[in-house]
Amino acid sequence: MRFVLKTNYAQDVNLFLHNGQRFWYGLLIGALLLAPFFLENFYIGELTYLFIWVIAGAGLMLLIGYTGLVSMGHAAFMAIGAYAHAVLFKLGIPFVPSLLMAALISGFLGAIIGVAALRMTGIYLAVATISFAFIIEKVISAWRPVTGGHRGFVVPEPVMFGVDFGSDIVFYFLCLVIVIAVILLVMNLLRSPIGRAMVAVRDSEISAQAMGVNLLQTKTLAFTLSAAFTGLAGALYAHKIGMLFPENFTIILSIKLLMLVVVGGLGSVHGIVFGAMFISILPQVIAILRDFLPAWFAQRRGLEPLVFGSILLFFLIYEPLGLYGRWVKIRSYFTQFPLIRKSTFKRQKSYLRTERVH
Amino acid sequence: MDFISLGTFVQLLVTGISHGCLYGLVALGFVLIYKATEMVNFAQGDIMMWGAFIAFTLTSEFGFAYLPVVFLTIFVMAFFGLLLERTIIRPMIGEPPFAVLMLTIGLGFVLRAVAGMLWGHDEKEFDTPYSIDPLVIGQVTLDYEQLVVVGCTIVLCLGLYVFLRFTRFGVAMQAASQNQLAAAYVGIPVKRVVAITWCLSTAIAGVAALLVAPLQLIYPGIGFIIGIKAFVAAIVGGFGSLAGALIGGICIGIVEQFVGYMFAGAYGETSVYVLLLLMLFIRPQGLIATLQRKKV
């Protein structure tokens, strides 16, 4: 087992705890940089999707995992980002400003919901965000002159500084750069006073308020950042799918993002990546499974939601900390090998007391 | 858009109220669970959809008459509730509300997928003995199905109110929701209370299903849409209040009908969500507010 003795503050706020981490993450980035030169186009495409899910997941994780605000309508922000970027880019605005403006527009709408979120908790916010998503979906399909409605919107090829980003490899690197930037941003944010305030709000609003955290500011900021990240992911997603339809951004996508966060592990940055891996690999696994299942069962529609739903149930009942939580358990089993005790990870249950006054 | 004639106005009002009662009825199911356990059941609509399919199967496959179908459906649904509680809800007692919310969303997915596999995705029709020629009063056409919905909802609502307020079990349910530990100390079997609450709630979903089935075509996605609207109804009315759920349901039912008539039909549904967002900005505690205190 490794003990890290911290002797100064710089060591405490360092992103990497020890050299081992530096080595492994360096290796990972090296592998990702080299990957496109060895992989087939299909896998490069899949990795790019993975990056896009990580960006969107980072947005939602900030909101649900760190601020404790449940949004079930994040597909709306992805849609806003996608359409805003596609429309602006088609109007002739250069790639990078258009990307940033898409994130900004999405963030602005997020801020409006965030202000409303001050007075809402839990289920109220969940239903409010679902409603918001339904309204946005409706607006997109009805606003035909701009969005093309159900006939679809063709996204122009990404061109930056006169260079065509349309090829799979170049777009892969673009997404890789953005993913690394987003993850670093999230990690730094979480070490800053803003991030600490968010976690305090998640754990107890009243305690946070008593310690001087401005609830309105923190919640609005969390929503804004979350929406902006998700919008950015949407903009990249637009280029990846090439043709935008309102049907791309339904409640199913929102639920998929929620699953990403829950299955990955709430409240961990690793969880974002694990969750993104989970939702991009699972459809492939199901496709392979179809070959092995009896034909009458495999050909039915709804196999995918069934598997998705069952896995979600399984994780919530048996492993609420998600894939990352499971990984931490496995790791500590090996690092503390003969000494691990079963009660180390015992879940705490709390007795319910209502906040309603009768 | 001309001014609406009186006949159309009354017609829209009646249709709105009957749809609203349905939303209210589904909302009753989860308000009950919320009141007793503080859990939010997002799968209520999908549970109702199962009820509709069970009723459909009993009539078309087994050829039962209408009345036995009613009793059998409610009985099967109550049993289904017990089964759900025992298998997936009980392990979640004591977990944070968010986890339960996600769990019921997942449950909804599973229920919808399984229903799609068992009964297919085509729309099915369900007839009742009262699916006869509508009652015509002046310019207004009243379907008996709509009248039955309104009647049943009122009876069920009153029944539930009396049950919660005056029976021993109803009071035990309130106690269990106020403080589980204290309720257990004074001898209330909290686990059994939770189980029976779920049982009751799915039975109500069964009643809602029997009322929905003749009004609309049945397909696996039906529960989700009605479920979301029922949530909107409960929030507009004030979560945690039975009367609120019903009033909220009727409100959104009427708004939906009128907006759908005045603009294109598709906007009716969207207007419900706009109404909800407005409501949350203006009066987030709902029409009938339950007092809340915040604790650390």
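All values derive from a computational prediction rather than experimental measurement.

The helix and strand tally for chain B stands at 11 helices and two strands. When the elements of chain B are put in sequence order from the N terminus, they spell out α-α-α-α-β-β-α-α-α-α-α-α-α. Taken over the C-alpha trace, chain B has a radius of gyration of 19 Å; the compact-globule value for 296 residues is 19 Å, and the two agree within 12%. Projecting the C-alpha coordinates of chain B onto the three principal axes gives extents of approximately 60 × 50 × 35 Å.

Along its length, chain A carries 16 helices and four strands. For chain A, the C-alpha radius of gyration of 21 Å lies close to 21 Å, the compact-globule estimate for 358 residues. Residues classed as buried in chain A amount to 41% of the 358 residues present. Taking the intrachain contacts of chain A between residues at least 6 apart in sequence as the baseline, contacts between residues at least 24 apart amount to 76%.

This paragraph deals with the interface of chain A and chain B. Taken residue by residue, the interface counts 45 residues in chain A and 51 residues in chain B. Counting residues per element, the ones that place at least two in the side of chain A that touches chain B are α6 (122-142), α10 (205-210), α12 (251-264) and α15 (303-318) of chain A. Per-element accounting of the side of chain A that touches chain B gives the leading share, 12 residues, to α6(A). In terms of residue class, the side of chain A that touches chain B is built from 27 nonpolar, 10 polar and eight charged.

Core analysis: the largest hydrophobic core is formed by 194 residues, its most contacted members being I55(A), A208(B) and V232(B). Among the elements that line this core, the one with the most residues is helix α8 (residues 190-215) of chain B, at 15 residues. Excluding residues that lie within four positions of it along the chain, I55(A) makes contacts with I178(A), V179(A), V182(A), F229(A), L232(A), A233(A) and L236(A).

A separate point is the packing of helix α2 (residues 44-60) of chain B against helix α3 (residues 66-89) of chain B. All names here are of chain B. Relative to each other, α2 and α3 sit at 135°, their axes nearing to 9 Å. Classified by the interaxial angle, the pair formed by α2 and α3 is oblique. Pair α2 / α3 crosses with right-handed handedness. Here α2 contributes W50, G51, I54, A55, L58 and T59 to the contact with α3, which in turn contributes V69, L72, T73, V76, M77 and F80. For the contact of α2 with α3, the class distribution of residues is nine nonpolar, three polar and no charged.

Considering every residue of chain B, the mean pLDDT works out to 84; 94% of them sit at 70 or more. Across the assembled chains, the prediction reports ipTM 0.82 with pTM 0.87.

On to helix α8 (residues 168-191) of chain A, then. Taking 1.5 Å per residue, 24 residues should reach 34 Å; α8(A) reaches 35 Å between its end C-alpha atoms and fits that length. Where α8(A) is concerned, the buried positions are F171(A), Y172(A), C175(A), I178(A), V179(A), V182(A) and V186(A).

Examined against the element boundaries, G260(B) turns out to sit in helix α10 (residues 242-262). Placed 131 residues apart in sequence, G260(B) and P129(B) show a C-alpha to C-alpha distance of 30 Å.

With that settled, consider the packing of helix α1 (residues 6-37) of chain B against α2(B). All names here are of chain B. Axis separation between α1 and α2 bottoms out at 10 Å; the angle between their running directions is 120°. Taken together, the axes of α1 and α2 are oblique relative to one another. Crossing handedness for the pair α1 and α2: right-handed. Residue-level inspection shows V26, G29 and F30 of α1 in contact with α2, the latter providing Q44, G45 and M48. Residue composition of the contact of α1 with α2, grouped by class: three nonpolar, three polar and no charged.

In this section: the environment of F16(A). All names here are of chain A. By secondary structure assignment, the location of F16 is in the loop between α1 (9-13) and α2 (19-38). We classify F16 as exposed; it has 12 C-beta atoms within 10 Å. It is 46 Å that separates the C-alpha atoms of F16 and S141, two residues lying 125 residues apart in sequence. The contacts of F16, once residues within four sequence positions are left out, are Q21 and R22.

With that settled, the discussion passes to the environment of I255(A). Position of I255(A) among the secondary structure elements: in helix α12. On the basis of neighbour count, I255(A) is assigned to the buried category, with 23 C-beta atoms found within 10 Å.

Calculation rules
Residues numbered from 1 in each chain as written. Chains lettered and ligands numbered in written order. Predicted model: local features only at pLDDT ≥ 70, side-chain atom pairs only at ≥ 80, totals over all residues. Helix = DSSP H or I, 4+ residues; strand = E, 2+ residues; numbered from the N terminus. Rg over C-alpha atoms; globule rule 2.2 N^0.38 Å. Buried ≥ 20, exposed ≤ 12 C-beta atoms within 10 Å, placed from the backbone. Contact = placed C-beta atoms within 7 Å. Nonpolar A, V, L, I, M, F, W, Y, C, P; charged D, E, K, R; others polar. Core = buried A, V, L, I, M, F, W, Y, C linked by C-beta atoms within 7 Å. Axes fitted to C-alpha atoms, helices over the stretch in contact; angles between N-to-C directions. Parallel < 35°, antiparallel > 145°, perpendicular 65-115°, else oblique. Left-handed = near helix turned anticlockwise from the far one by under 90°. pLDDT = per-residue confidence, 0-100. Expected span 1.5 Å × (residues − 1).

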